[in-house]
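What follows is the residue order along each chain.
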Amino acid sequence: MTRVGLGVALLLTVFLGAGELALARDKVQIVGSSTVYPFAAAVAEQVSLKNGGKFPVIESTGTGGGIKLFCAGSGDATPDVTNASRPMKPAELEECRANGVTPVEIRFGFDGIVLAGAASGADMNLSLDQVFLGLARKVPVEGKLQDNPFQSWRQIGSTLPDKRIEILGPPPTSGTRDTFVEIAMEQGCAALADAGSLGLKGAACHELRQDGSFLETGENDDLVVTMLEQNPKALGIFGYSFLERNRGDLKPVSISGVEPSAGNIAAGTYPLSRPLYFYVKKEHLGKVPGLEEYLLEFASEKALGPDGYLAAIGLIPLPKHQRLENEKLAGELAAAQ
């Protein structure tokens, strides 16, 4: 199924009736992306102030892990919302449907994936092919595909710093990881003249090196900042919104000469831009106290607008007509309960 087809299917399922479901919980349960977590927490705080302090329970499980929990079924033991830094894949949608779950997709803003080091580190500008050569498990060397031999950035480009390649990045369950390999690694791989002839294309370009130069750090982005402060030569991979919240401690890497900024991400000129999503379980609407209020708040202009409180913590807003579509959809869903 194409991404357009997936989106149409999701919207069609929104208005299908849900069976009766009795839930004993009195708090909304949310899982998913670590990138979306701060935005979800800010919305949850607003909802909590309105409904007497019942703060939704939010767990940062990563996009893939959150979708798996969300699609496992309906009822007390399953979450009401999952956050995602990529759209749900067709196979994940099928798993949801097979388990009687109807996901309502809300694309709520933009973010960018950044490489950044400690503020005290050297300035860097990397092209996508240099990113690939620094991180890939196998790379072309003198016409042959070999295990990555590059130990320093200078070996990849004569103008790059002569420092060891050390990258701290998210695990396979992370939507940031998924998007990074699909955009940065795949496009960087395609930019190499002899990659295709060596069979290095598509998913084959996604494999990250396992020799210690790339280190998985889990879903805790705050831990990455601490590790970068301890090792100013290393770089970390995370969402732009996290960079914004830690500007004093981090220095971003430019990608193909373009700095990660709100303006560049919104304009699409920054090469590693991406949309952000959350999914609401239709079967739980009208059954879990506070879920409709959470949906309405997250889709509201005061949250998602250019002057909204989420923009203040790093969200890049959608165009106005898309924000209005979100508000309309949320209102229709809440009114139907």
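To be clear, the structure that these remarks concern was listed above.
What comes next concerns the included structure. Everything numeric in this text was worked out from a predicted model, so none of it was measured.

## Some remarks on the side chain of Thr 82
Point 1. Within the element layout of this structure, Thr 82 appears in strand E3 (residues 81-84).
Point 2. Reaching out from Thr 82, the side chain makes a polar contact with the backbone oxygen of Gly 66 at a distance of 3.4 Å.
Point 3. When neighbours within four sequence positions are excluded, Thr 82 is seen to be in contact with Val 31, Gly 32, Gly 66, Ile 67, Phe 70, Phe 278 and Tyr 279.

## Some thoughts on the packing of helix H5 (residues 128-135) against helix H6 (residues 175-190)
Point 1. Between H5 and H6, whose axes approach to 7 Å, the crossing angle comes to 105°. With respect to H6, the element H5 is oriented roughly perpendicular. Between H5 and H6, the contacting residues are Leu 128, Asp 129, Val 131, Phe 132 and Leu 135 on the first element and Phe 180, Ala 184, Met 185, Gln 187, Gly 188 and Cys 189 on the second.
Point 2. Along the lines of polarity and charge, the residues of the contact of H5 with H6 split into eight nonpolar, two polar and one charged.

## A word on helix H4 (residues 90-98)
Point 1. Those residues of H4 that sit buried are Glu 92, Leu 93 and Cys 96. The buried residues of H4 occupy an angular sector of 100° when the element is viewed end-on, so they sit on one face. Exposed side chains of H4 directed beyond 90 degrees from the buried face belong to Ala 91 and Ala 98.
Point 2. Just downstream of H4, Gly 100 is the residue with a positive phi angle, here 75°.

## Observations regarding the packing of aromatic side chains
Point 1. Per the stated rule, a full pass over the model turns up eight aromatic pairs.
Point 2. Summarising the aromatic geometry, the rings of Phe 108 and Phe 278 are spaced 6.0 Å apart at their centres and angled 45° between planes, so their arrangement reads as tilted. Here Phe 108 is found in strand E4 (residues 103-118), whereas its partner Phe 278 is found in strand E13 (residues 273-281), with 170 residues between them in sequence. In terms of burial, Phe 108 and Phe 278 fall into one category: buried.
Point 3. Taken together, a centroid distance of 5.7 Å and an interplanar angle of 90° make the contact between Tyr 294 and Phe 298 edge-to-face. Of this pair, Tyr 294 and Phe 298 both sit in helix H10 (residues 291-298), four residues apart, roughly one helical turn. Summarising the burial analysis for this pair, Tyr 294 and Phe 298 share the class buried.
Point 4. What links up through ring pairs into an aromatic cluster is the set Phe 39, Phe 108, Phe 278, Tyr 294 and Phe 298.
Point 5. Here Lys 281 stacks its cationic end above the ring of Phe 70, 4.9 Å away from the centre of that ring.

About the criteria used
- Numbering of residues begins from 1 in every chain and follows the order in which that chain's sequence is written.
- Thresholds applied to this predicted model are a pLDDT of at least 70 for local features of residues and 80 or more for the giving and counting of side-chain atom pairs; totals over whole chains, interfaces and linings are not thresholded and use all residues.
- Hydrogen atoms and water are omitted, and side-chain values are computed over all heavy atoms in the structure.
- Numbering of helices and strands runs from the N terminus, with a helix taken as a DSSP run of H or I at least four residues long and a strand as a DSSP run of E at least two residues long.
- What qualifies as a polar contact is a pair of N or O atoms within 3.5 Å, subject to a donor-acceptor requirement within protein and to the restriction that residues adjacent in sequence count only when both atoms come from side chains.
- By definition in these notes, contact holds between two residues if any of their heavy atoms fall within 4.5 Å.
- To obtain an axis, a line is fitted to C-alpha atoms, over the contacting stretch when the element is a helix, and the angle between two such axes runs from 0 to 180 degrees between their N-to-C directions.
- Orientation labels follow simple angle bins: below 35 degrees gives roughly parallel, above 145 gives roughly antiparallel, 65 to 115 gives roughly perpendicular, and whatever is left gives oblique.
- Each residue gets one of three labels, nonpolar for Ala, Val, Leu, Ile, Met, Phe, Trp, Tyr, Cys and Pro, charged for Asp, Glu, Lys and Arg, and polar for the others, Gly among them.
- Exposure categories follow from relative accessible area, calculated using a 1.4 Å probe and restricted to protein chains: below 20% of the type maximum is buried, above 50% is exposed, and the middle band is partly exposed.
- In this description, the arc belongs to the directions extending from the helix axis to the C-beta atoms.
- Within 6.5 Å between ring centres, the rings of Phe, Tyr and Trp (the latter by its six-membered ring) count as paired, and their orientation is classed by plane angle as stacked under 30 degrees, edge-to-face over 60, tilted in between.
- When the NZ atom of lysine or the CZ atom of arginine is within 6 Å of a ring's centre and also within 35 degrees of its normal, the charge is said to sit over that ring.

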